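# Examining the three-dimensional arrangement
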Amino acid sequence: MPPDTTILERDFMAPRSLADARSRLDRLWARGTAFLGTRVAIMGGAMSWVSERHLVSAISNAGGFGVIACGSMGPNLLAAEIAATQALTAKPFGVNLITMHPQLNDLVAVCIEAGVTHVVLAGGIPPGPAVRAVKDGGAKLICFTPALVLAKRLVKSGADALVIEGSEAGGHIGPVSLTVLAQEILPFMQEVPVFVAGGLGRGDAILAYLEMGASGAQLGTRFAASADSIAHANFKRAFLRANARDALPSVQLDARFPVIPVRGLVNEGTKRFLDVQAATIRRFQAGEVSREDAQLEIEHFWAGALRRAVIDGDVENGSVMAGQSVGMVTREQSVQEIVDELVEQATQAIVRRA
Ligand SMILES: Cc1cc2nc3c(=O)[nH]c(=O)nc-3n(C[C@H](O)[C@H](O)[C@H](O)COP(=O)(O)O)c2cc1C
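The model shown is predicted, which means the values in this text are computed figures rather than measured ones.

What follows deals with the sheet that holds strand β5 (residues 140–144). One key point about sheets: their strands pair by backbone hydrogen bonds, in either a parallel or an antiparallel sense. Taken together, the eight strands give an open sheet; going across it, the order is β1-β9-β8-β6-β5-β4-β3-β2, and neighbouring strands pair in parallel fashion. Two strands lie at the open edges of the sheet, namely β1 (42–44) and β2 (66–69), each paired on one side alone. Neighbour to neighbour, the strand axes of the sheet diverge by 25 degrees on average, direction disregarded. As defined by bridge partners, strand β3 (residues 93–98) adjoins strand β4 (residues 118–122) across five bridges and the pair is classed as parallel. Bridge pairing links N96 to V120 in β4. Strand contacts of helix α6 (residues 104–113): β3 and β4, with the helix running at about 170 degrees to β3, the strand carrying the most contacts. Sitting on the sheet, helix α7 (residues 128–136) touches β4 and β5, and the angle it makes with β5 is about 145 degrees.

Attention now goes to the sheet that holds strand β10 (residues 247–249). The strand order across the open sheet formed by three strands is β7-β11-β10, and the pairing between neighbours is antiparallel. At either margin of the open sheet sits one strand with a lone partner, and together these are β7 (171–172) and β10. Where β10 and strand β11 (residues 262–265) come together, three bridges link them in antiparallel fashion. Looking at the pairing, A247 lines up with L265 of β11.

Bringing the site of the ligand into the picture now. Taken together, the neighbourhood of the ligand is formed by 19 residues, with A46, S48, E165, G199 and T221 sitting nearest. Here an oxygen atom of the ligand and a backbone polar atom of A46 are 2.7 Å apart. G170 places a polar main-chain atom, nitrogen or oxygen, 3.4 Å from an oxygen atom of the ligand. Against a free-state accessible area of 610 Å², the protein chains account for coverage of 94% of the ligand. For the shell around the ligand, the per-class residue count stands at seven nonpolar, eleven polar and one charged.

A word on helix α13 (residues 268–285). With 18 residues, α13 extends 26 Å from end C-alpha to end C-alpha; this agrees with the ideal 26 Å at 1.5 Å per step. Those residues of α13 lying buried are G269, F273, Q277, T280, I281 and F284. One face of α13 carries all of its buried residues, which in axial projection span an arc of 115 degrees. Seen from the buried face of α13, the exposed residues on the opposite side, beyond 90 degrees, are D275, R282 and Q285. In this fold, the buried residues of α13 make contact with α14 (291–300). Directly after α13, the chain includes G287, whose backbone phi takes a positive value near 75 degrees.

Each packed pair of helices is defined by two parameters, the angle between the axes and the distance between the axes. Two numbers describe how α6 lies on α7: the axes approach to 10 Å, and their chain directions differ by 5 degrees. What the angle tells us is that α6 and α7 run roughly parallel. On the side of α6, the interface is formed by L104, N105, V108 and I112, while α7 contributes P129, A130, A133 and V134. Looking at the contact of α6 with α7 residue by residue, the class counts come to seven nonpolar, one polar and no charged.

Definitions and limits used
Residues numbered from 1 in each chain as written. Predicted model: local features only at pLDDT ≥ 70, side-chain atom pairs only at ≥ 80, totals over all residues. Heavy atoms only, no water. Pairing = 2+ DSSP bridges. Helix = DSSP H or I, 4+ residues; strand = E, 2+ residues; numbered from the N terminus. Axes fitted to C-alpha atoms, helices over the stretch in contact; angles between N-to-C directions. Contact = heavy atoms within 4.5 Å. Near = heavy atom within 4 Å. Polar contact = N/O pair within 3.5 Å; in protein donor to acceptor, adjacent residues only side chain to side chain. Areas by Shrake-Rupley, 256 points an atom, 1.4 Å probe, with all protein chains shown as cover. Nonpolar A, V, L, I, M, F, W, Y, C, P; charged D, E, K, R; others polar. Expected span 1.5 Å × (residues − 1). Buried < 20%, exposed > 50% of the residue type's maximum accessible area, 1.4 Å probe, protein only. Arc of directions from axis to C-beta. Parallel < 35°, antiparallel > 145°, perpendicular 65-115°, else oblique.

Structure follows, in structure tokens:
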């Protein structure tokens, strides 16, 4: 490489070797790796019950960025999980807190006290006091955004990075695909690094989003089925068997009784959920149950269902949250193998394009 070539010129030249291609990948996600403090800009999306000390430390030790899912944990449990993760890795990792959690401020305090470097506030617009506490505590704040307008607002109020998650993702989802969100947001959001999520299973796809301006990617489903995941063998087997078209959003039968859209594998539970909705709506129409109680009954159907699937292994009645990327889970691999494979696929794609 001539010493006076600029980065821009180098990126238009054909990579002469795999090492050249790898350097190009490193330049493409440099903003992401600098922000996360990692070797590769691949985040392990927080997954309740799944993203605990073992998976999180495995992702960080593999060069990526693990994120603990706090879920419904209280401050003491979270403090213990952070300490246990720190015992397993010296690399950076984050903590994902749900904004609706009644002890949100205490949980932020736990993160700051433990020296957590990155806090993800998920599940709604983050409240001002929590945002201030993260920032005042010296941690970096990562937020999710479903639209450009909100992205700009979040950055103004203190977000240091954003995740845009398409409806292809596993778990709670919005209505818009990553393909569209990326076009709506990436060209117009230069202020902070943006990470893309939802349906990603291959490195060449990640590369395409980096070339559109993303700083990195977040994956959940592939890591959930990894050898380092504590998920029950039945849960992993269900992932191995499933195709993209088996991971469907939850169905809402009646607009008067909203159902939070969650993408997961179709099973007995998802079928029974339809029957329960139908029966509850009939009872409401017959005046046997109030609207509020009917709504609560529908909402309670899935209470504890993710734990039932992930920990107990009841993949027929539990909630087997999974993204459309589940079709790309073809064998149980270690996190390190997955990360290496993603990097290899992105690198090979750079070579092929040249
Ligand atoms: C089993 C499962 C549980 C999840 N739980 C959470 C969660 O608690 N909080 C959260 O912000 N996202 C959650 N997600 C979303 C992931 O963090 C990630 O953004 C998503 O899995 C990316 O899409 P992919 O599954 O296609 O890779 C969950 C996803 C899965 C598959």
